[in-house]
Amino acid sequence: MAHIYSITYQPVDQPYEGERFSAFIRVPVEEARLIAGHGIEGDAKAGRNPRRQLNLLSYEWLEELRQQGYQTEPGAFGEQLIIRGLDVLALQTGERLRLGGEACIEITKPRTGCTRLEAAQGISIPKEALKAGIGVLATVITSGVIRVGDTVEVVRQEDRLAAL
């Protein structure tokens, strides 16, 4: 069963400055509160864009990149969540995930690379790799506390309709 492998965020009191611009500022935590329509409570990236509240990566995808020499520790790709046991790149826009017992998120679009990503990695990332996608972006639908180790379930369309 899929589960949350890691949670990271950028604390509001740690802005990007000078040389720090070349790396992602991410602090690992064991639990975080997701706020509907906002993102992770206390995250400097939260609340800025309704379609980019969370950035998800697949643990298995990162393991492949680690073998190619990329830095893959939690937060190295600027993500907030790493999910193990789920092909994040296969998720479609509009699909929903239940995280733990309370929170629900909806996939909004694939994530593509940026210049900060290459700077943080210290190596050039092939354009075809960037086009293939670097995880997905999501919005928080239902607030709740999430924890490392929590289960991650794809919410089927039938279940969503039955809940109405």
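First, a word on what this report is: a plain description of the structure on this page. On a predicted model such as this, the values are computed, not experimentally measured, just so you know.

### Concerning helix α1 (residues 59–66)
Turning to α1, its buried residues are Tyr59, Trp61, Leu62 and Leu65. Looking straight down α1, one finds that the buried residues subtend no more than 160° of arc, so they occupy a single side. Taken together, the buried residues of α1 touch β1 (3–9), β5 (54–58) and β6 (81–84).

### Digging into the nonpolar core
Formed by 24 residues in total, the largest nonpolar core has its most connected members in Leu56 and Leu99. Within the residue set of this core, elements represented by two or more residues are β1, β3 (31–35), β5, β6, β7 (96–99), β8 (103–110) and β9 (136–142). Once you skip the residues sitting within four places of it in the chain, Leu56 turns out to touch Leu81, Ile83, Val88, Leu97, Ile105, Gly135, Val136 and Ala138. Core analysis: the second largest hydrophobic core is formed by nine residues, Leu57, Trp61, Tyr70 and Phe77 among them.

### Quick word on the sheet that holds β6
The mixed open sheet is built from eight strands, whose spatial order is β2-β1-β6-β5-β9-β8-β7-β11. If you trace the sheet from one side to the other, it starts and ends with β2 (27–29) and β11 (152–155), each paired once. Recorded for the sheet is a direction-independent mean angle of 35° between the axes of neighbouring strands. In this sheet, β6 lies alongside β5 in parallel orientation, the contact comprising three bridges. Counterpart to Ser58 in the pairing with β6 is Ile83. Its contacts with the sheet place α1 against β1, β5 and β6, and it is angled at close to 65° to β5.

### A short note on the sheet that holds β3
In space, the three strands of this open sheet follow the order β4-β3-β10, with antiparallel pairing throughout. The outermost strands of the open sheet, each flanked by one partner alone, are β4 (39–40) and β10 (144–147). Strand direction decides the pairing type here: β3 and β10, joined by four bridges, are antiparallel. Note that in β10 the partner of Ala32 across the bridge is Ile146.

### A word on the pairing of β9
Burial within β9 is extensive, with five of its seven residues counted as buried. Sheet topology note: the β5/β9 ladder contains three bridges and is antiparallel. Across the sheet, Leu54 pairs through a bridge with Ala138, a residue of β9. Pairing between β8 and β9: six bridges, direction antiparallel. Bridge pairing in β9 places Pro110 opposite Val136.

### Describing the pairing of β1
Summarising burial for β1: five of the seven residues are buried, a large majority. Pairing of β1 with β6 involves four bridges; the strand directions are antiparallel. Bridge pairing links Ile4 to Ile83 in β6. Note that β1 and β2 share three bridges and pair antiparallel. Of the residues in β2, the one forming a bridge with Thr8 is Pro28.

The rules behind each value
- Residues numbered from 1 in each chain as written.
- Predicted model: local features only at pLDDT ≥ 70, side-chain atom pairs only at ≥ 80, totals over all residues.
- Heavy atoms only, no water.
- Buried < 20%, exposed > 50% of the residue type's maximum accessible area, 1.4 Å probe, protein only.
- Helix = DSSP H or I, 4+ residues; strand = E, 2+ residues; numbered from the N terminus.
- Arc of directions from axis to C-beta.
- Contact = heavy atoms within 4.5 Å.
- Core = buried A, V, L, I, M, F, W, Y, C linked by side-chain atoms within 4.5 Å.
- Pairing = 2+ DSSP bridges.
- Axes fitted to C-alpha atoms, helices over the stretch in contact; angles between N-to-C directions.

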